[in-house]
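A look at the structure
Here is what each chain is made of, one letter per residue.
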Amino acid sequence: HEANEPRPRIVQLAGAEPRILADGAQRSVALGADVIDINMGCPAKKVRKKACGSALMADPGLVREIFAATTEAVGVPVSVKIRTGPNRGQRNALQIAQLAQDAGLAMVAIHGRTRADMYKGEAEYATIAQVKRELDIPVIANGDIDSPAKAQRVLELTEADALMMGRAALGQPWLFGQIRAALDARPPQPAPEAEELIPLICEHALRVDEHYGSRLGLKVFRKHLAAWLQHLNLAAETRVRLLRADSREESLD
């Protein structure tokens, strides 16, 4: 890690074997992690097919073992990101959250959909509110928080200790500041003008390439580029050319 990185540094681990997760937590702390977060919320196939991520919620016994092994392995706070349950007929977020609290975890974040829902439909917040009422440790609400008004509404519905934004911030990182301003009863800063976004997009693309390499970076950046482009008044043909560019030089031009 770099000395000037913002803190806390939170490392999220995904896995289904308690011993391996505990080892990963220790290695991460040795490399500078201030907090270890356990992924029990991701519904992606590449995570689910390995029986980790949100798939773990269907096995509370294994979840208990993972929580115990990870908290015993490190001296830093451990948190977990979960969903409301494996499916709508089995919303067991409260059970999993209570296991987390009993094991000494410091915080629970909850996405308001089940594993089976993926990202379809609308997030529900009643389950998050239920967990918040029953737990003593902090609870973070997540899911479809895409505006200052929605952020305030979710806080009212759940009484959560904090909010987490994910997909809504793609292509508009200023959303965090706008929501913070609204919660503080301050006037929010307007979104940047289109011409101000161009250097930001280019810098973002080059940093992705630096991290992943130019070939993989081009592919990884496409979802980010698609999100950025929604703020630019471009012809459909130009938008398609940008997303299908064969090289970073072509897309930057």
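Up top is the structure.
What you are looking at is a predicted structure, and each value in this text was computed from that prediction instead of being measured.

What the rule picks out here adds up to one aromatic pair. On the basis of an interplanar angle of 50 degrees and a centroid distance of 6.4 Å, the ring pair of Trp 174 and Trp 228 is categorised as tilted. One end of the pair, Trp 174, is in the loop between β6 (162-164) and α7 (175-183); the other, Trp 228, is in helix α9 (residues 214-229), with 54 residues separating them in the sequence. It is Arg 83 that lies over the ring of Tyr 119; its NZ or CZ is 4.9 Å from the centre.

Glancing now at the pairing of strand β4 (residues 107-111). The buried count for β4 comes to four of five residues, which makes it a mostly enclosed element. Relative to β4, strand β3 (residues 78-83) runs parallel, the two being bridged by five bridges. Considered in β4, the bridge of Lys 81 is made with Ala 109. The parallel pair β3 and β4, bridged by helix α4 (residues 93-102), forms a crossover whose chirality is right-handed. Across four bridges, β4 lies against strand β5 (residues 139-142) in parallel orientation. By the bridge assignment for β5, Ala 109 is matched with Ile 140. Each parallel crossover has a hand, and for β4 linked through helix α5 (residues 126-134) to β5 it is right-handed.

In this section: the layout of surface pockets. Of the pockets and cavities examined, the largest pocket occupies roughly 1,100 Å³. If you trace the largest pocket, you find 27 residues lining it, with Tyr 119, Met 165, Gly 166, Arg 167 and Lys 223 closest to the centre. Secondary structure elements with two or more residues in the lining of the largest pocket: β1 (10-13), β2 (35-40), β3 and α9. Taken together, the residues of the lining of the largest pocket break down into eleven nonpolar, eight polar and eight charged. Lining the second largest pocket are 18 residues, and of these Leu 225, Leu 242, Ser 251, Leu 252 and Asp 253 sit closest to its centre. Contributing elements (two or more residues each) for the lining of the second largest pocket: α8 (194-212), α9, α10 (236-243) and α11 (248-252). Counted by class, the lining of the second largest pocket contains twelve nonpolar, two polar and four charged residues.

About the thresholds
Residues numbered from 1 in each chain as written. Predicted model: local features only at pLDDT ≥ 70, side-chain atom pairs only at ≥ 80, totals over all residues. Heavy atoms only, no water. Phe/Tyr/Trp six-rings, centres within 6.5 Å; stacked < 30°, edge-to-face > 60°. Helix = DSSP H or I, 4+ residues; strand = E, 2+ residues; numbered from the N terminus. Lys NZ or Arg CZ within 6 Å of the ring centre and 35° of its normal. Buried < 20%, exposed > 50% of the residue type's maximum accessible area, 1.4 Å probe, protein only. Pairing = 2+ DSSP bridges. Right-handed = clockwise from strand over helix to strand, strands pointing away. 1 Å grid on protein atoms, 1.4 Å probe; cavity = no way out; pocket = protein on both sides within 12 Å on 5 of 7 lines; lining within 4 Å. Points joined across faces, edges and corners; volume = space filled by probe spheres on them. Nonpolar A, V, L, I, M, F, W, Y, C, P; charged D, E, K, R; others polar.

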